[in-house]
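These are the residues of each chain, in order.
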Amino acid sequence: METNNVTTILLLGFPGLHGFKIVFFFFFLMVYFTTICGNLLVITLVSYSKNLHRPMYFFLTQLTTLDIILTSDITPNMLHVVLNNGSYMSLFGCLTQFFFFGSSESIECLLLSVMSYDRYLAICHPLHYLLIMSPMRCLILTLLVWLFGLVTMAIQTINISQLQFPRMKSVIRQKAFATCSSHLTIVFLYFGTLNCTYLVPTNEKFNTVRKLFSLSYTVITPFINPVIYCLRNNDIKKAFMTSSTSASM
C-alpha cells in the first residue's frame, strides 16, 4: 500500500497463534540469542588460538559471520511481527533486508564450495596443501566470494527496485491467493511425488512405495486436474452452463 507517497509492505506474520504468541516469541528469541553467542564463540576461539590458524578454520569464521548476518537480518523483524500480529515495512527496508538475506545466502553457498575444495586438497594432496592454500590465496578466495555475492545481489536488488508495486486491497489479495492455491496444489502434488519417486531407494522393499508415487503423478494428478482447474473456475462454469442451455434448446 501507499502511505504519504511511500510504498509499504504488509507483513502478515503468523496468524492463529493466539495464546502461544508469547511462547513463540521467547522460543525464537532464545534461538536467536544462542545462535549469536555460538557463532561469536567460534570466531573468538579461532582468533585467539594459534592452533586454529589454519585455512579450514579461517573459512569457518567467514561462515559463522555469514550466519550472524543472516539471522540478524531476519529474526529481529520477525519477533516484532509476532508481538504485533503483523507489521508494515517500507519498500526501501524490504529491499535492504532482501539484499542482505540474498547476499549472505549466495556468499555462503560459494564459501561452502571453497571449503569443499579446501578439504579436497587436504585429503588428496596433503604434501602440497599448505603451499596451495597459502594465507594469501585464502584471503583472495574469500574476497572473491564476498565480492561476487554482494555484486550479484546488488544487481538483483536494483532491478527489483525499478518494478512498480501497486496497492493491493485485501479482497483482491484474497481472490489472488484463492486462484493461486489451486495451481500450487497441483504443482506440489506433481513435482513432489515425481521427486519422491527418484529419492526412494531402489531396494525391493521400496518397490511398492515407488509404484504408489508413480501412480500419483501418472494417474491421480491427471484425474485431479479437471477438478482443480475447471470446477473452481467461474469462467469454465459459465461456459458449461451456457453450452448446457444451448444444448437443451
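Just so you know, these numbers come straight off a predicted model, no measurement behind them. (Residues numbered from 1 in each chain as written. Predicted model: local features only at pLDDT ≥ 70, side-chain atom pairs only at ≥ 80, totals over all residues. Heavy atoms only, no water.)

Participant: Lay out the overall build of the protein chain with the relevant residues and their values.
Facilitator: Helix and strand content of the protein chain: eight helices and three strands. Taking all 249 residues of the protein chain together, 24% fall into the buried category. Residue pairs at least 24 apart in sequence account for 74% of intrachain contacts in the protein chain once pairs closer than 6 positions are excluded. Accessible area of the protein chain: about 17,500 Å², with a carbon and sulfur share of 71%. (Helix = DSSP H or I, 4+ residues; strand = E, 2+ residues; numbered from the N terminus. Buried < 20%, exposed > 50% of the residue type's maximum accessible area, 1.4 Å probe, protein only. Contact = heavy atoms within 4.5 Å. Areas by Shrake-Rupley, 256 points an atom, 1.4 Å probe, with all protein chains shown as cover.)

Participant: If you had to explain the UniProt feature "transmembrane region" (unreviewed entry) in the protein chain to someone new, which residues and values would you point to?
Facilitator: Summarizing the sequence annotation, UniProt attributes the feature "transmembrane region" (unreviewed entry) to residues 22-48, 129-155, 176-200 and 212-231 in the numbering used throughout. Span residues 22-48 is 100% helix and 0% strand, its end C-alpha atoms 39 Å apart. End-to-end, the C-alpha atoms of residues 129-155 are 36 Å apart, and along that stretch the chain is 93% helix and 0% strand. (UniProt positions renumbered as here; feature names shortened; annotations may be inferred.)

Participant: Account for the environment of Lys 21, naming residues and giving values.
Facilitator: Residue placement: Lys 21 occurs in helix 1 (residues 21-48). Sequence-wise, Lys 21 and Leu 79 are 58 residues apart; in three dimensions their C-alpha atoms are separated by 9.9 Å. Ignoring anything within four residues of it in the chain, the contact list for Lys 21 reads Val 82, Leu 83 and Asn 85.

Participant: Give me the pattern of salt bridges: which residues, what numbers.
Facilitator: A side chain of one charge can pair with a side chain of the opposite charge when the charged atoms of the two come close. Going through the model one piece at a time under the given rule, you end up with one salt bridge. A salt bridge links Arg 119 to Asp 118; the shortest N-O distance between them is 3.0 Å. Residue classification places Arg 119 among the partly exposed positions, given a relative accessible area of 32%. (Salt bridge = Lys/Arg side-chain N within 4 Å of Asp/Glu carboxyl O.)

Participant: Which residues make up the environment of Met 153, and what are the values?
Facilitator: By the element assignment, Met 153 lies in helix 5 (residues 135-161). A sequence separation of 49 residues divides Met 153 from Ser 104, and the C-alpha atoms of the two residues are 9.4 Å apart. Discounting residues that sit within four places of it in the chain, Met 153 has contacts with Phe 98, Phe 99, Gly 102, Ser 103 and Ser 106.

Participant: Can you break down the nonpolar core residue by residue, with the values?
Facilitator: Of all hydrophobic cores here, the largest spans twelve residues; its members are Phe 59, Leu 63, Leu 66, Ile 107, Leu 111, Val 114, Met 115, Leu 121, Tyr 129, Met 133, Cys 138 and Val 145. Tallying contributions element by element places helix 3 (residues 91-124) first for this core, with five residues. (Core = buried A, V, L, I, M, F, W, Y, C linked by side-chain atoms within 4.5 Å.)

Participant: Give a description of helix 5 that names residues and reports values.
Facilitator: Along its 27 residues, helix 5 runs 39 Å from first to last C-alpha, staying within 8% of the 39 Å computed at 1.5 Å per residue. Tucked inside the fold, the buried residues of helix 5 contact helix 2 (55-83) and helix 3. (Expected span 1.5 Å × (residues − 1).)

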